[in-house]
Amino acid sequence: MRRILVAGNWKLNGSKASIQKLVAGIVAGAENLTDVSIAVCAPYVYLPFTAELLTKSVVGLGAQDVSEQDSGAYTGEVSASMLLETGCKYVIVGHSERRALFGEKDMDTARKFAAARKQGLIPILCLGESLAEREAGMTEAVVARQLDAVLELEGVPALNDAVIAYEPVWAIGTGKTATPEQAQAVHAFIRQRLAALDVGVAAKVQILYGGSVKGSNAAELFAMQDIDGGLIGGASLDAQEFLTICQAGQNQRD
């Protein structure tokens, strides 16, 4: 049985004071959540601070993005090796906000995915369609295109060392959530697409759901056969709400 993973994405939020309080709450509550994996993805500048706060805890550290470059004249970029040195285990690649707001293309995401894996980080590969694309019946085509860019560059075995997150763009930060059945359908599509290439990889890879996940809907989402946890935005900024989501993951594996 695949282990549930709940990863918080803090986005452009936080201060030393707020992060210290948030992490203290999460770490204390996570002590008894032994059957679910938990991670928090902090802004670059707070990664070392957050890593120190997470020392000896079961909560993993992640970054929200990474450069496709190893080093060089790339002002403002942060490499995978730098993230590794700060204590990161995970890194988000291809988040819809990077794609929509910063013009990241599918192949840009694929190269970031490759750079992360090269240094031993676990990439959380985000896939998802806009509302217009869903209404046009393009959900599977869009998700397949985004996934295939990574498969073409890295090959399907690369997913043995990665996590996938399906995040419908129309459900991120909007309060709208895909129904468990809608989310499950896309998760099943992703797993079936991988199974056509490698049944073992498809059976193993964790596929998370991201899009207005809250304590009130997490259990219903995580109960779906192919949903292996969540990539959590706003709710990850509230320790108790985030822990309620983590508890829902724990309950699925008890």
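Described below are features of the structure shown in this document. Just so we're clear, the structure is a prediction, and the values are computed from it rather than from any experiment.

Definitions and limits used
Residues numbered from 1 in each chain as written. Predicted model: local features only at pLDDT ≥ 70, side-chain atom pairs only at ≥ 80, totals over all residues. Heavy atoms only, no water. Axes fitted to C-alpha atoms, helices over the stretch in contact; angles between N-to-C directions. Helix = DSSP H or I, 4+ residues; strand = E, 2+ residues; numbered from the N terminus. Parallel < 35°, antiparallel > 145°, perpendicular 65-115°, else oblique. Left-handed = near helix turned anticlockwise from the far one by under 90°. Contact = heavy atoms within 4.5 Å. Nonpolar A, V, L, I, M, F, W, Y, C, P; charged D, E, K, R; others polar. Phe/Tyr/Trp six-rings, centres within 6.5 Å; stacked < 30°, edge-to-face > 60°. Lys NZ or Arg CZ within 6 Å of the ring centre and 35° of its normal. Salt bridge = Lys/Arg side-chain N within 4 Å of Asp/Glu carboxyl O. Buried < 20%, exposed > 50% of the residue type's maximum accessible area, 1.4 Å probe, protein only.

Turning next to the packing of helix H5 (residues 106-118) against helix H7 (residues 139-154). Packing of H5 against H7 brings their axes to within 9 Å, and their N-to-C directions diverge by 50 degrees. Here H7 runs oblique to H5, going by the angle between their axes. Considering only the axes of H5 and H7, their crossing is right-handed. In this structure, H5 uses Asp106, Met107, Ala110, Arg111, Phe113, Ala114 and Arg117 to contact H7, whose residues at the interface are Arg145, Gln146, Ala149, Val150, Leu153 and Glu154. Here the contact of H5 with H7 is composed, by residue class, of seven nonpolar, one polar and five charged.

For the rest of this paragraph, the subject is the packing of aromatic side chains. Both the distance between ring centres and the angle between the ring planes are used here to describe each pair of aromatic rings. In total, this model carries one aromatic pair according to the counting rule given. Stacked on the ring of Phe49, the Lys or Arg Lys16 has its end atom at 5.3 Å from the ring centre. One cation-aromatic arrangement involves Arg98 over Phe102; the distance from NZ or CZ to the ring centre is 4.0 Å.

This model, assessed by the stated rule, comprises 17 salt bridges. Across the pair Arg111 and Asp108 runs a salt bridge, and its minimum N-O distance is 3.1 Å. Note that Arg111 and Asp108 are positioned in helix H5 at a spacing of three residues, about one turn of the helix. With a closest N to O distance of 2.8 Å, Arg191 and Asp228 form a salt bridge. One end of the pair, Arg191, is in helix H8 (residues 180-195); the other, Asp228, is in the loop between helix H10 (218-222) and strand E8 (229-232), with 37 residues separating them in the sequence. For the residue pair Arg191 and Asp228, the accessibility class agrees, reading buried in each case. Salt bridges linked by common partners bring Arg2, Arg191, Asp226 and Asp228 together as one network.

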